[in-house]
Amino acid sequence: MHRHITIPPDHPRAGSLQTRELLVDGFRRGLVAAEGLIAHGRGEAYDYLIGEKTTQQAQRAIKAAAALLLLSRRPVISVNGNVAALCPKEMVELAKATRAAIEVNLFYRTGQRELAIKEELQRHGAKHVLGIGMKASARIPELQSERRRVDPEGIFVADTVFVPLEDGDRTEALARMGKKIITVDLNPLSRTAKAAHITIVDNIVRTMPYFVKSALSLRESKSLKKIYQGFDNSRNLHESLRIIKEGV
Ligand code: ATP
């Protein structure tokens, strides 16, 4: 049976509790894996430390990421269960704004979850969703079993992949395949954060509306290359760590 919790809007952790409810609801609807709930807990801890706000560093990374997606020939946006539960609408909007393909990409792959995520994306306006069923038949070299399956028309041939909330092994393997990687990860120390070319250290719930806006406003820009090339990921990660340590 579904439990409905009313979160008082003046509760000091209202935003964070609402996000939890979205995930728990996504878990009940078969979008989120149990492990996804645990991964979110790790994210929350870092969010607390970073002050639960989109820092200037994150804003800079978002702009560089929007520029890179717009510069790419075959950009792909990868969606897992947590992402589908937290921000399906914005993922579809970003794909449209940057002419990127959308692919369902799961660590814990089951046919049912794949389909549930695909349907959730379609409900939010996605026309074509890659990575479903037998179509996810290409292999990321070096990885084992289900974790390495990707769509031969999607991530496998992409030049740039946006893989928010991803695990380190797969991010590193995709980077070694020569792809440019953009991620959202609240933990600036994770392997994913370090392996990506652009790491947005922010809660994906705050990132996505800003990301869509940036992509739409940069569409006609002549400075995309400059914005992307002016971004230094390891410096940006260091600055995010400093904020965590020093609070500013
Ligand atoms: P890695 O393998 O990259 O070293 P990990 O083992 O912690 O890291 P996972 O648990 O697979 O990686 O991925 C979850 C990552 O996503 C964590 O680093 C966590 O901080 C981050 N994360 C979880 N929820 C969110 C969220 N809502 N917004 C942004 N980041 C999040």
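Residues numbered from 1 in each chain as written. Predicted model: local features only at pLDDT ≥ 70, side-chain atom pairs only at ≥ 80, totals over all residues. Heavy atoms only, no water.

### Looking at the packing of aromatic side chains
Two numbers describe a pair of aromatic rings. These are the distance of the centres and the angle of the planes.
Inference 1: Across all of its chains, the model carries two aromatic pairs by this definition.
Inference 2: Taken together, a centroid distance of 5.2 Å and an interplanar angle of 70° make the contact between phenylalanine 162 and phenylalanine 211 edge-to-face. Of this pair, phenylalanine 162 sits in strand S6 (residues 160–162) while phenylalanine 211 is found in helix H9 (residues 204–218), placing the two residues 49 residues apart along the sequence.
Inference 3: Taking the relative accessible area as the measure of exposure, phenylalanine 162 reaches 0% and is therefore buried. (Phe/Tyr/Trp six-rings, centres within 6.5 Å; stacked < 30°, edge-to-face > 60°. Helix = DSSP H or I, 4+ residues; strand = E, 2+ residues; numbered from the N terminus. Buried < 20%, exposed > 50% of the residue type's maximum accessible area, 1.4 Å probe, protein only.)

### Topic: the pairing of strand S7 (residues 180–184)
Inference 1: Most of S7 is tucked away: four of the five residues are buried.
Inference 2: Bridging between S6 and S7 involves three bridges; their strand directions are parallel. Paired with phenylalanine 162 across the two strands is isoleucine 182, which belongs to S7.
Inference 3: Two elements, S7 and strand S8 (residues 198–200), share three bridges in a ladder whose sense is parallel. Its bridge partner lying in S8, threonine 183 is registered against threonine 199. (Pairing = 2+ DSSP bridges.)

### A word on the site of the ligand
Inference 1: Near the ligand there are 19 residues, and of these Arg42, Gly168, Asp185, Arg191 and Thr192 occur at the shortest range.
Inference 2: A distance of 2.8 Å separates an oxygen atom of the ligand from a polar atom in the backbone of glycine 168.
Inference 3: Here a nitrogen atom of the ligand and a backbone polar atom of leucine 186 are 3.2 Å apart.
Inference 4: Taking 630 Å² as the accessible area of the ligand by itself, protein coverage stands at 86%.
Inference 5: The set of elements that each furnish at least two residues to the shell around the ligand consists of helix H2 (34–50) and helix H8 (191–195).
Inference 6: Looking at the shell around the ligand, the element that brings in the most residues is H2, giving four residues.
Inference 7: Of the residues belonging to the shell around the ligand, the class tally is six nonpolar, seven polar and six charged. (Near = heavy atom within 4 Å. Polar contact = N/O pair within 3.5 Å; in protein donor to acceptor, adjacent residues only side chain to side chain. Areas by Shrake-Rupley, 256 points an atom, 1.4 Å probe, with all protein chains shown as cover. Nonpolar A, V, L, I, M, F, W, Y, C, P; charged D, E, K, R; others polar.)

### Overview of the sheet that holds strand S2 (residues 101–104)
Inference 1: Taking strand neighbours across the sheet as the criterion, the six strands line up as S3-S2-S1-S6-S7-S8 in an open arrangement whose pairing is parallel. The open sheet has two free edges, formed respectively by strand S3 (129–130) and S8, since each of these has just one partner strand.
Inference 2: Pairing of S2 with S3 involves two bridges; the strand directions are parallel. In the sheet register, isoleucine 102 faces S3, and the bridge partner there is valine 129.

### Thoughts on the nonpolar core
Inference 1: Val79, Leu94, Leu121, Phe162, Ile198, Ile200 and Phe211 are the most contacted members of the largest nonpolar core, which has 48 residues in total.
Inference 2: Excluding anything up to four places from it in sequence, leucine 94 contacts Leu69, Ile77, Phe162, Met208, Phe211, Val212 and Ala215. (Core = buried A, V, L, I, M, F, W, Y, C linked by side-chain atoms within 4.5 Å. Contact = heavy atoms within 4.5 Å.)

### Details of the pattern of salt bridges
Two side chains with opposite charge may pair up if their charged atoms get near one another.
Inference 1: Per the stated rule, a full pass over the model turns up 18 salt bridges.
Inference 2: Put simply, arginine 29 and aspartate 25 hold a salt bridge, and the shortest N to O gap is 3.2 Å.
Inference 3: A relative accessible area of 35% places arginine 29 in the partly exposed class.
Inference 4: The partly exposed category is assigned to aspartate 25, whose relative accessible area is 30%.
Inference 5: We note a salt bridge from glutamate 120 to arginine 123, for which the minimum N-O separation is 2.5 Å. (Salt bridge = Lys/Arg side-chain N within 4 Å of Asp/Glu carboxyl O.)

### Here we look at the packing of helix H3 (residues 56–71) against helix H11 (residues 233–246)
Inference 1: Put simply, H3 and H11 touch, their axes get as near as 9 Å, and they point 155° apart. Taken together, the axes of H3 and H11 lie roughly antiparallel to each other. Our pair here, H3 against H11, has a crossing hand that is left-handed. The residues of H11 that touch H3, namely those facing Gln57, Arg60 and Ala61, are Asn236, Glu239, Ser240, Arg242 and Ile243.
Inference 2: Grouping the constituent residues of the contact of H3 with H11 by class yields two nonpolar, three polar and three charged. (Axes fitted to C-alpha atoms, helices over the stretch in contact; angles between N-to-C directions. Parallel < 35°, antiparallel > 145°, perpendicular 65-115°, else oblique. Left-handed = near helix turned anticlockwise from the far one by under 90°.)

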